[in-house]
Amino acid sequence: MELVKRYVSAVARYLPEADKAAISRELDADIQDKIEHQAQQQGRVLSTDEIAALLQQWGNPRHVAAQYAPAQPLVSSELMPLYWQVLKFVLAVLFVLQLLQSGMSMLQAEHFKLLQFLLQLSFGFFDEVATAFMVVTLVFYSAAFGNPLAGWLLQQNWQVKDLPAVERPWQQIRLMDIFTDLVSSGFLLLLLWHPLWMSADTLASLRLVFSADFKVFMPLLSLLLLCSLLFSLWCWYRPYWQQTTLLLNVLQNLLYVLAFSWIGFLPQLVLATNNPLPRLLELSDINRVLQHGALLLACYLFYEVLRDLYRIRQLRQIKTDE
Amino acid sequence: MTESRLDKMRGELRRGVLVLAVLASLEQPHYGYSLRKQLLDAGIDIDEGTLYPLVRRLAEQGLLDSEWQQAEGRERRYYQLSLQGKELLQQLSAEWQLLNGALGNLLEKTSWNS
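Note that this is a predicted model, so its numbers are computed, not measured.

*Asks:* Would you take a moment to explain the overall build of chain B for this structure?
*Replies:* The helix and strand inventory of chain B stands at four helices and three strands. Each helix (α) and strand (β) of chain B, taken in turn from the N terminus, gives the series α-β-α-α-β-β-α. A globule of 114 residues ought to have a C-alpha radius of gyration of about 13 Å, yet chain B, at 17 Å, is considerably larger. Referenced to the eigenvectors of the C-alpha coordinate spread, the extents of chain B come out at roughly 55 × 30 × 20 Å. Taking all 114 residues of chain B together, 33% fall into the buried category. The contacts of chain B with a sequence gap of at least 6 include a subset with a gap of at least 24, amounting to 44%. For chain B, the accessible area works out to roughly 7500 Å², and carbon and sulfur atoms hold 53% of it.

*Asks:* For this particular structure, what's the right way to read the packing of helix H1 (residues 3-25) of chain B against helix H3 (residues 48-60) of chain B?
*Replies:* Angle between the axes and distance between the axes are the two parameters that describe a pair of packed helices. Residue and element names in this part refer to chain B. With their axes 11 Å apart at the nearest point, H1 and H3 run at an angle of 75 degrees to one another. As far as their axial angle goes, H3 and H1 are roughly perpendicular. Two secondary-structure elements touch here, H1 through Leu18, Val19, Val22 and Leu23 and H3 through Thr50, Leu51, Leu54, Val55 and Leu58. Considered class by class, the residues forming the contact of H1 with H3 number eight nonpolar, one polar and no charged.

*Asks:* Can you help me understand the pattern of salt bridges in this one?
*Replies:* Oppositely charged side chains may form a pair once their charged atoms are brought near each other. Residue and element names in this part refer to chain A. Going through the model one piece at a time under the given rule, you end up with 18 salt bridges over all chains. For the salt bridge of Glu17 with Lys20, the shortest nitrogen-to-oxygen distance reads 3.3 Å. With Glu17 and Lys20 both in helix H2 (residues 17-42) and three residues apart, this pair spans about one turn of that helix. Of the residues examined, Lys20 reaches a relative accessible area of 23% and is grouped as partly exposed.

*Asks:* Help me understand helix H11 (residues 212-237) of chain A, please; the structure alone is not making it clear to me.
*Replies:* An α-helical turn contains 3.6 residues, so a residue and the one three or four places further along point in the same direction. All names here are of chain A. Helix length check: H11, at 26 residues, gives a terminal C-alpha distance of 38 Å against a target of 38 Å (1.5 Å per residue), a fit within 8%. Taken as a whole, H11 carries its principal kink of about 45 degrees at Met218; the proline Pro219 stands between one and four residues after it. Three or more residues of H11 are buried, namely Phe214, Phe217, Met218, Leu221, Ser222, Leu224, Leu225, Ser228, Phe231, Ser232 and Cys235. Its buried side turned inward, H11 meets helix H8 (175-192), strand S1 (208-210) and helix H12 (243-264).

*Asks:* Whenever I open this one, helix H4 (residues 61-68) of chain A confuses me. Can you help?
*Replies:* Every buried residue of H4(A) is accounted for by A:Val64, A:Ala65 and A:Tyr68. In a view along the axis of H4(A), the buried residues occupy a sector of 100 degrees, so they form one face of it. Tucked inside the fold, the buried residues of H4(A) contact helix H1 (2-12), H2 and helix H3 (48-58) of chain A together with H3 of chain B. Measuring from the backbone nitrogen of A:Arg62 back to the side-chain oxygen at the start of H4(A) gives 2.8 Å, which picks out A:Asn60 as the cap.

*Asks:* What is the right way to look at the environment of A:Arg288 in this model?
*Replies:* Within the secondary structure, A:Arg288 is located in helix H13 (residues 283-321). Distance from A:Arg288 to A:Leu269, taken between C-alpha atoms, is 8.9 Å for residues 19 residues apart in sequence.

*Asks:* How should I be thinking about the nonpolar core in this particular structure?
*Replies:* Nonpolar side chains in soluble globular proteins generally cluster together in the buried interior. Counting 43 residues, the largest nonpolar core has A:Leu15, A:Leu27, A:Ile31, A:Trp58, B:Val22, B:Leu51 and B:Leu64 as the members making the most contacts within it. Mapped onto this core, the elements with two or more residues apiece are H1, H2, H3 and H4 of chain A together with H1, helix H2 (32-41), H3 and strand S3 (74-81) of chain B. The element contributing the most residues to this core is H3(B), with six residues. Beyond its immediate chain neighbours, meaning those up to four positions away, B:Leu64 contacts B:Leu23, B:Leu26, B:Val55, B:Leu58, B:Ala59, B:Tyr79, B:Gln80, B:Leu81 and B:Ser82. In terms of nonpolar packing, the next biggest core, distinct from the first, is built from 21 residues, A:Ile263, A:Leu266, A:Ala294 and A:Ala298 among them.

*Asks:* Whenever I open this one, the side chain of A:Asn249 confuses me. Can you help?
*Replies:* Residue and element names in this part refer to chain A. Structurally, Asn249 is set in helix H12. On the basis of relative accessible area, Asn249 is assigned to the buried category, the value being 6%. Not counting the four nearest positions on each side in its chain, Asn249 is found in contact with Phe231, Trp241, Arg307 and Asp308.

*Asks:* How should the pairing of S3(B) be read in this particular structure?
*Replies:* Successive residues of a regular strand alternate their side chains across the two faces of the sheet. All names here are of chain B. Summarising burial for S3: six of the eight residues are buried, a large majority. The pairing of strand S2 (residues 64-71) with S3 spans eight bridges and is classified as antiparallel. Looking at S3, one finds that Glu67 is bridged to Tyr78. The hairpin turn running from S2 into S3, its antiparallel successor, is two residues long, and Glu72 in that turn takes a positive phi close to 50 degrees.

*Asks:* What am I meant to see in the sheet that holds S2(B) here?
*Replies:* Through backbone hydrogen bonds, the strands of a sheet pair up, either in parallel or in antiparallel fashion. On the basis of which strands lie adjacent, the open sheet formed by three strands has the order S1-S3-S2 (chain B) and antiparallel pairing. Looking at the sheet topology across the chains shown, the edges are occupied by strand S1 (30-31) and S2 of chain B. Note that S1(B) and S3(B) share two bridges and pair antiparallel. The residue bridging B:Tyr31 from the neighbouring strand is B:Tyr78, located in S3(B). Against the sheet, H2(A) touches S1, S2 and S3 of chain B, its axis set at about 105 degrees to S3(B).

What counts, and where the lines are drawn
Residues numbered from 1 in each chain as written. Chains lettered and ligands numbered in written order. Predicted model: local features only at pLDDT ≥ 70, side-chain atom pairs only at ≥ 80, totals over all residues. Heavy atoms only, no water. Helix = DSSP H or I, 4+ residues; strand = E, 2+ residues; numbered from the N terminus. Rg over C-alpha atoms; globule rule 2.2 N^0.38 Å. Buried < 20%, exposed > 50% of the residue type's maximum accessible area, 1.4 Å probe, protein only. Contact = heavy atoms within 4.5 Å. Areas by Shrake-Rupley, 256 points an atom, 1.4 Å probe, with all protein chains shown as cover. Axes fitted to C-alpha atoms, helices over the stretch in contact; angles between N-to-C directions. Parallel < 35°, antiparallel > 145°, perpendicular 65-115°, else oblique. Nonpolar A, V, L, I, M, F, W, Y, C, P; charged D, E, K, R; others polar. Salt bridge = Lys/Arg side-chain N within 4 Å of Asp/Glu carboxyl O. Expected span 1.5 Å × (residues − 1). Bend = angle between axes of the 7 residues up to and from the residue. Arc of directions from axis to C-beta. Polar contact = N/O pair within 3.5 Å; in protein donor to acceptor, adjacent residues only side chain to side chain. Core = buried A, V, L, I, M, F, W, Y, C linked by side-chain atoms within 4.5 Å. Pairing = 2+ DSSP bridges.

See the structure below:
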């Protein structure tokens, strides 16, 4: 019977403290019953090897314990798709931010070393990933205890009538598009307001600053970018193109077209500081590239305006046909 | 269909009705091993690793009453349907009859059965 004690003790090791004694007592009684009945069938006392075989058949102690006290998953199965979505989104944002941070460090360095850049990027990213993973998982874990957060995450108060009418495949906004818009707006905001988050040393080592002509336009551009951020978050919450959201997007993109066209025709976007520019890089070339970039962006956004106007027309046509 | 897939689906099918089988068997008091034997005699083979934790869970939910008794020099935990368990058994039995009848009709119409 020594083997039975060892087996029950091995199972108890994986049981929660509160149930350990009760389950062990019951398991021991169940095993003893089986041994007794087998002994009765065979008309003799079971050998140690036979008891060992019986316990082997009963199952791995860890599995047996899991049957009695199934482990509580950190994230419930119904929240799992949302959990992955949020996790991927957060990790992507962190990667972009780390890329920006590592890129800034490299720009200040005397020489560009690819290996150093990649190592800094990897270690910095994994360091932040660990924290982000823990925070996101804890939020979803707390939702498993039936608090209002779970109801909100699962949108339990949904109504069929609130579901958007999706007539065309393009009406579903892809997560990647939302992410790209969010990151672009966030990146530009960080770039515009870099004096707020950069250290004094970093600021002093910068080789370029925005021109006075450009700075005049910064508050308006910042406001527009902030609105874009909010709009992207709204799209993340309701990822469907409807007439209203398309109209808002048209308005937003039209303002960007005007802004970037205006930026494209400024005489100078950036000025050199006292810190020397890297060799083979002229201030006039940098300004030309930035101006052309702004104009190209304006052209692309104008295409999006036309595309969205066409889509609005399509939606209106569907509504008329109904 | 591969053997493993058949086993998996068979397991899923049986898992659903296991509670009903256990509740129906516990109108009379049973301890773990005697319950398993009763089910086995009725043609339902459930391994110990599934049956005993299930019985324990049903007891925790208040569907079974339990009592430790000394017998043949050893202790055994006897289980029996509680009042709540009896009510649930009636409801589940009615549901099972309904489902069984409907499923029987469907299966009768299958090509290999006609």
